[in-house]
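The chain contents come next:
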Amino acid sequence: AGASESVGRKIVKFQKKKPYFLKTDATCYHIKLLRDNVFILPDRLIIKGKKGWGAVDYSELHLGVGNVIFIESGGVPKDAQIVGHTWQYVNKNGTADKRFKNNRQLPKCNYGSIEFKSDTGLDIILYVSNIGNAQQFSSIVKVMIEEAQQARLAAVQESAIMQDEYSSYVENEPEDYQEIN
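Residues numbered from 1 in each chain as written. Predicted model: local features only at pLDDT ≥ 70, side-chain atom pairs only at ≥ 80, totals over all residues. Heavy atoms only, no water.

(A) Structural context of the overall build of the chain. When its secondary structure is counted, the chain shows one helix and nine strands. Of the regular secondary structure in the chain, the N- to C-terminal order runs β-β-β-β-β-β-β-β-β-α. By the burial criterion, 28% of the 181 residues in the chain qualify as buried. Here the analysis covers contacts within the chain between residues at least 6 apart in sequence; of these, 47% occur between residues at least 24 apart. (Helix = DSSP H or I, 4+ residues; strand = E, 2+ residues; numbered from the N terminus. Buried < 20%, exposed > 50% of the residue type's maximum accessible area, 1.4 Å probe, protein only. Contact = heavy atoms within 4.5 Å.)

(B) Geometry of the environment of K48. Tracing the sequence through the fold places K48 in strand β4 (residues 44-49). With 29 residues separating them along the chain, K48 and P19 place their C-alpha atoms 9.6 Å apart. Here K48 is in contact with R35, D36, N37 and W53, once residues within four sequence places are set aside.

(C) Up close: the nonpolar core. In terms of nonpolar packing, the biggest core is built from 23 residues, with I40, L45 and F116 touching the most fellow members. Those elements giving two or more residues to this core turn out to be β2 (29-32), β3 (37-40), β4, β6 (61-71), β8 (105-118), β9 (123-128) and α1 (131-171). A per-element tally of this core places α1 first, with six residues. What F116 contacts, discounting residues up to four positions off in sequence, is I40, L45, L61, H62, L63, L122, D123, I124, L126, F137 and V141. (Core = buried A, V, L, I, M, F, W, Y, C linked by side-chain atoms within 4.5 Å.)

(D) A look at the side chain of N103. As for its placement among the helices and strands, N103 is situated in the loop between β7 (81-87) and β8. Polar side-chain contacts of N103 include one of 3.2 Å to the backbone nitrogen of Q88. Reaching out from N103, the side chain makes a polar contact with the backbone oxygen of Y89 at a distance of 2.8 Å. For N103, the residues in contact, after removing those within four places along its chain, are W87, Q88, Y89, A96 and D97. (Polar contact = N/O pair within 3.5 Å; in protein donor to acceptor, adjacent residues only side chain to side chain.)

(E) The arrangement of the pattern of salt bridges in detail. In total, this model carries five salt bridges according to the counting rule given. Between D43 and R44 there is a salt bridge; the shortest N-O distance is 3.4 Å. The salt bridge involving R99 is made with D97; its shortest N-O contact spans 2.7 Å. For D97, a relative accessible area of 6% corresponds to the buried category. Bridged by salt links that share partners, the residues D43, R44, D57 and R152 form one connected network. (Salt bridge = Lys/Arg side-chain N within 4 Å of Asp/Glu carboxyl O.)

(F) Looking closely at the pairing of β9. In β9, alternate side chains face the same way, and those of I124, L126 and V128 are buried while those of D123, I125 and Y127 on the opposite face are not. Of the pairings in the sheet, the one linking β8 to β9 comprises six bridges and is antiparallel in character. For G112, the partnering residue across the bridge sits in β9 and is V128. The loop that links β8 with its antiparallel partner β9 comprises four residues; one of these, G121, has a positive phi angle of about 115°. (Pairing = 2+ DSSP bridges.)

(G) Main features of the sheet that holds strand β1 (residues 14-16). In spatial order, the strands read β1-β2-β3-β4-β5; together these five strands make up an open sheet with antiparallel pairing. In this open sheet, the two edge strands, each paired with only one partner strand, are β1 and β5 (52-57). Across the sheet, the mean angle separating the axes of adjacent strands is 20° when strand polarity is ignored. Here β4 pairs with β5 via six bridges, running antiparallel. (Axes fitted to C-alpha atoms, helices over the stretch in contact; angles between N-to-C directions.)

(H) Up close: the packing of aromatic side chains. Applying the stated criterion across every chain, the model contains nine aromatic pairs. Measuring from ring centre to ring centre gives 6.0 Å for Y29 and F137, while their planes differ by 80°; the resulting arrangement is edge-to-face. Note that Y29 is positioned in strand β2 and F137 in helix α1, a separation of 108 residues in sequence. By relative accessible area, Y29 is classed as buried at 13%. Judged by relative accessible area, which is 9%, F137 ranks as buried. Three or more aromatic residues joined by ring pairs form one cluster here, namely Y20, F21, F39 and W53. (Phe/Tyr/Trp six-rings, centres within 6.5 Å; stacked < 30°, edge-to-face > 60°.)

Listed below in structure tokens is the structure:
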């Protein structure tokens with residue numbers, strides 16, 4: 001019944017960066033979280049945590065994007081969209097509680113949320129101060145996921161074609177080259 005802080009937040013930066021051990025021309029992204037580093041590669045996520053490295057294939061990843069209203073008690077980011085105001089201490093009917101002398105008005109901001117989940121235990125929610133940036137980043141990652149799925153499908157099809165060609169070659173081999181039992 002009032003504006004209170006329920007989520008601890010930390011500023012994170014999205015960077016174009018690849019893991020130090022990987023040499024590639026592909027675009028990779030890096031997100032530094034509290035204790036973890038998340039690398040978004042063209043075919044999977046790689047996470048470096050306090051217990052070591054882990055990988056999540058895109059076929060196991062659930063990516064969601066949405067929005068959430070944040071009540072800002074500190075400064076409002078320049079790119080945030082203010083959608084209303086509330087009081088730090090509020091009466092049941094929504095008006096300011098006059099019992100508090102320092103009851104200040106706080107802005108409500110529309111933030112974007114990006115959620116990475118997997119059945120193997122990955123659960124990351126990122127709140128982005130600009131909902132448009134969250135949607136753009138999510139669409140870039142979704143394109144990377146689709147391209148990875150297409151590449152996997154093409155590799156399976158190519159493998160099947162090569163197996164068929166090899167089988168056809170073995171069947172049509174001249175007799176003097178066939179294995180003798």
